[in-house]
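Below, each chain spelled out in residue letters.
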Amino acid sequence: MLLHCAHARFDASNATVQKALQLLKDERLVVGRAGAAVTVREHRQWTVRPAAYMAPAAPGEPYRWVTESSQGGAGARSELLEVAEVVPPADVADALGLAMGGTALLRGQLLLTDDEPVELVKSYYPLDVARDTAIATRRRIKGGTPTLLADLGHPPRLTVDKVSARVPTQEQYRALRLPSNLPVLRTLRVVYSDDERPIEASVLVKAGHLYELRYEFTAD
């Protein structure tokens, strides 16, 4: 259907139309299957409400991201990639108040919707908060880290996001299966507990063409 309309409306050659369709497929804006017509995706963007993910999950409930992402009928899940003590990126180290060369506990995850990778998350924790806890183990944390941190006596009180558009790294390009020449949305999220102590700093990377971020504010 799209191929026929493009020929009729723009008088374009078959090669030009096929190249345009491939670009749309790469950007996941259309869906094409063998033996079937190319169609526009029903949902081309996910609207993300960061504030909805930060509260600890209720007892017995999954991580809030899974709950929120599944509301539209999509199958959401996370895949744990790595757990290790590392020297974090400079902006993360600064956010956590680490000395130069200081280490933090890293948990790296890939978030998927309907088995499609949508977000790469690297969360860093001060060692005195995370060491010898479930955060340092290579398994999923029931209810997510906000619930565990609250149980450990570090309830999340304030979250600060810094969002920027970036050229993807090779790791991000591969993990998110990105088409070429498209930016990613990079969020540095810092979570503070009592006495304004930073207890988590996360780098969240999303494909820029698949997401919009929704922030809600109330007047003072």
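As the structure is a computational prediction, the values presented were derived from the model and not from experiment.

A. Structural view of the overall build of the protein chain. Counting its secondary structure elements, the protein chain contains seven helices and ten strands. Burial statistics for the protein chain: of 220 residues in total, 41% are counted as buried. The contacts of the protein chain with a sequence gap of at least 6 include a subset with a gap of at least 24, amounting to 59%. Accessible area for the protein chain stands at about 12,800 Å²; split by element, carbon and sulfur atoms hold 51% of it.

B. Quick look at the pairing of strand β8 (residues 184-192). With eight of its nine residues buried, β8 lies for the most part within the structure. Here strand β7 (residues 158-166) pairs with β8 via nine bridges, running antiparallel. Pairing of S164 across the sheet is with R186, part of β8. Taken together, β8 and the strand that follows it, strand β9 (residues 198-207), pair antiparallel across an intervening segment of five residues, in which D195 is found at a positive phi of about 60°.

C. Looking closely at the sheet that holds β7. The strand order across the open sheet built from six strands is β4-β5-β6-β9-β8-β7, with neighbouring strands paired in antiparallel fashion. Where the open sheet ends on each side, the last strands, each with one partner, are β4 (76-86) and β7. Ignoring which end each strand starts from, the neighbouring axes of this sheet average 15° apart. Here six bridges tie strand β6 (residues 116-125) to β9, and the two strands are oriented antiparallel to one another. In the strand pairing of β9, K122 is matched with V203.

D. Representation of the environment of D128 within the structure. Residue position: D128 is located in helix α5 (residues 127-130). In the structure, D128 is positioned 23 residues away from L105 in sequence and 9.5 Å away in space, judged by C-alpha atoms. Side-chain polar atoms of D128 contact the side chain of R197, separated by 2.6 Å.

E. Examining the nonpolar core more closely. Counting 25 residues, the largest nonpolar core has V92, L96, Y124, L176, A201 and V205 as its most contacted members. Those elements giving two or more residues to this core turn out to be α4 (90-96), β5 (104-113), β6, β8 and β9. For Y124, the residues in contact, after removing those within four places along its chain, are V86, P88, P89, V92, L96, A104, L105, L106, I199, E200 and A201. Grouped together as the second largest cluster of nonpolar side chains are eleven residues, Y125, L127, V129 and I141 included.

F. Local environment of the pattern of salt bridges. For the structure on display, the rule yields eleven salt bridges. Across the salt bridge formed by E79 and R77, the nearest N and O atoms sit 3.9 Å from each other. Of the residues examined, R77 reaches a relative accessible area of 33% and is grouped as partly exposed. A salt bridge links D161 to R189; the shortest N-O distance between them is 2.8 Å. Within this pair, whereas D161 is found in strand β7, its partner R189 is found in strand β8, the two being separated by 28 residues in sequence.

G. Region of interest: a nonpolar patch on the surface. Residues V163, Y215 and F217 make up a contiguous nonpolar surface patch of roughly 330 Å² in combined accessible area. In this structure, F217 sits in the segment after β10 (211-213). Look at F217 and you get exposed, because its relative accessible area is 72%.

H. Expanded view of the side chain of Q109. Inspection of the secondary structure assignment puts Q109 in strand β5. Looking at Q109, its side chain comes within polar contact range of the side chain of S78, at 3.5 Å. Among all residues touching Q109, those that are not within four sequence positions of it are S78, E79, L80, L81, E119, L120 and V121.

I. Representation of the pairing of β5 within the structure. With ten of ten residues buried, β5 lies mostly within the body of the structure. Pairing of β4 with β5, which is carried by ten bridges, proceeds in the antiparallel orientation. Of the residues in β5, the one forming a bridge with R77 is L112. Here nine bridges tie β5 to β6, and the two strands are oriented antiparallel to one another.

What counts, and where the lines are drawn
Residues numbered from 1 in each chain as written. Predicted model: local features only at pLDDT ≥ 70, side-chain atom pairs only at ≥ 80, totals over all residues. Heavy atoms only, no water. Helix = DSSP H or I, 4+ residues; strand = E, 2+ residues; numbered from the N terminus. Buried < 20%, exposed > 50% of the residue type's maximum accessible area, 1.4 Å probe, protein only. Contact = heavy atoms within 4.5 Å. Areas by Shrake-Rupley, 256 points an atom, 1.4 Å probe, with all protein chains shown as cover. Pairing = 2+ DSSP bridges. Axes fitted to C-alpha atoms, helices over the stretch in contact; angles between N-to-C directions. Polar contact = N/O pair within 3.5 Å; in protein donor to acceptor, adjacent residues only side chain to side chain. Core = buried A, V, L, I, M, F, W, Y, C linked by side-chain atoms within 4.5 Å. Salt bridge = Lys/Arg side-chain N within 4 Å of Asp/Glu carboxyl O. Patch = residues over 30% accessible without salt bridge, like charges linked within 9 Å, V, L, I, M, F, W, Y side chains within 5 Å.

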